[in-house]
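Tertiary structure, described
As a plain string of letters, each chain reads:
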Amino acid sequence: KRGIDKATGLVTVRNDPLFRMRDPNTMGVTIGGHVHYITMHDPTLAHAMKNLGAEHMNDFVRGVSTVTRFLARMFTQWNPAFTIPNVMRDALTASINVRAVGVPHVSWAVMRDVPAAARGAWSAFRNGQKNTFWEQMAHEMATEGGKIEFFGMDDIQTKGRKLRAALDAAQPGSWNDVRRGMYAVTDYISDLNGAAENATRLSVYGNLRRAGISKPRAAQAALETTVIFYRKGEWAPYMNAAYLFYN
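Residues numbered from 1 in each chain as written. Predicted model: local features only at pLDDT ≥ 70, side-chain atom pairs only at ≥ 80, totals over all residues. Heavy atoms only, no water.

What follows is about the packing of aromatic side chains. Per the stated rule, a full pass over the model turns up one aromatic pair. Taken together, a centroid distance of 5.0 Å and an interplanar angle of 75° make the contact between phenylalanine 133 and tryptophan 134 edge-to-face. A relative accessible area of 30% places phenylalanine 133 in the partly exposed class. The cationic tip of lysine 147 hangs over the ring face of phenylalanine 125; the distance from NZ or CZ to the ring centre is 3.9 Å. (Phe/Tyr/Trp six-rings, centres within 6.5 Å; stacked < 30°, edge-to-face > 60°. Buried < 20%, exposed > 50% of the residue type's maximum accessible area, 1.4 Å probe, protein only. Lys NZ or Arg CZ within 6 Å of the ring centre and 35° of its normal.)

Here is the structure:
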C-alpha cells in the first residue's frame, strides 16, 4: 500500500494490515506463532476454506439440529454397542480401499493390526502415552491430520455452550458432583468409540509408514480409506437438521 512516510515526506510502499479483511480470497493461518497469509485465486475454494456461508441457521433450525445431533450421538458416540460392528466395517472397507495407495500385501496387515492399533489409540489419545510403536504412530498421525474427531458434529455455538456447561459443573455442589459423574461416563464412552473409530485408520497409517510411505501421504490414506463423516457441504447443517445422518 502506498503512503507518505511522515519522517521523510516521501511516498513509500508498506504492508497493508487490513488487506486480509478487504480481500475475500485471502485467509491467515498461524504457524509457529507467526501469521502467514494465503491467497486463493479460485473464489469457490476461498469461499469453502474461509467458511464464509456456513451454519448461519435461524433459531428453529438450530433447535431441530440440536435434537438430531443428540440422536446421532446416542446412536454412535455414546453407544457402546456401536463400537465393535463399526470397527469390523471399517477394517473391511479399509483393507479394500488401501490398495489404491499401491503398496502390495498391506491389506492383510491392516486387518491383522487393528486390535493392536486400537489399544495404541486408546492409551495415546486418552492417557497421552508414547511408549509403544502404535502409541507413537497415533501421535504422529494426529499431528499429520489423519485422526478423526467427533467434535466435527458440533457447530461453534454448541462448542461454546459445552464449554460454559463444563465450567459450571466444575463449581462445588452436590448437583455439580452428579453432573461431573455423568460427564465422566459419557467422556469414557466417547473416548472408547474415538479409539475404535481411529483404530483402522491408525492401522493403515502405521503399516504404510512401515512400508516407507511419507507422513502426509499415509495420513491422507488413513483418512480416506473409510468414511469421513464430518466432510460436508455448505447446506449440510440444514439437511442434517431435517434428516439424521444426511451427510
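Structure shown, so let's carry the discussion forward.
All right, on to the nonpolar core then. Side chains of nonpolar character tend, in soluble globular proteins, to be buried together. Among the nonpolar cores identified, the biggest contains 23 residues, and Val98, Leu202, Val204, Tyr205 and Leu208 are the most heavily contacted of them. Mapped onto this core, the elements with two or more residues apiece are α5 (106-112), α6 (114-127), α7 (133-143), α9 (174-210) and α10 (215-224). Top element by residues in this core is α9. It accounts for five residues. Not counting residues up to four positions away in its chain, the partners in contact with valine 204 are Ala94, Val98, Val110, Ala221, Ala222 and Thr225. Core analysis: the next-biggest nonpolar cluster, separate from the first, contains five residues, Val87, Ala91, Val114 and Ala199 among them. (Core = buried A, V, L, I, M, F, W, Y, C linked by side-chain atoms within 4.5 Å. Helix = DSSP H or I, 4+ residues; strand = E, 2+ residues; numbered from the N terminus. Contact = heavy atoms within 4.5 Å.)

Structurally, valine 204 is set in helix α9. When the C-alpha atoms of valine 204 and serine 95 are compared, they prove to be 8.4 Å apart, with 109 residues separating the residues in sequence.

So, about the pairing of strand β4 (residues 34-39). Both faces of the sheet carry side chains from a regular strand, because those side chains alternate between them. Pairing of strand β3 (residues 26-31) with β4 involves six bridges; the strand directions are antiparallel. Bridged to isoleucine 31 within β4 is histidine 34. Between β3 and β4, which pair antiparallel and follow one another directly, the connecting turn spans two residues, one of which, glycine 32, has a positive phi of 60°. (Pairing = 2+ DSSP bridges.)

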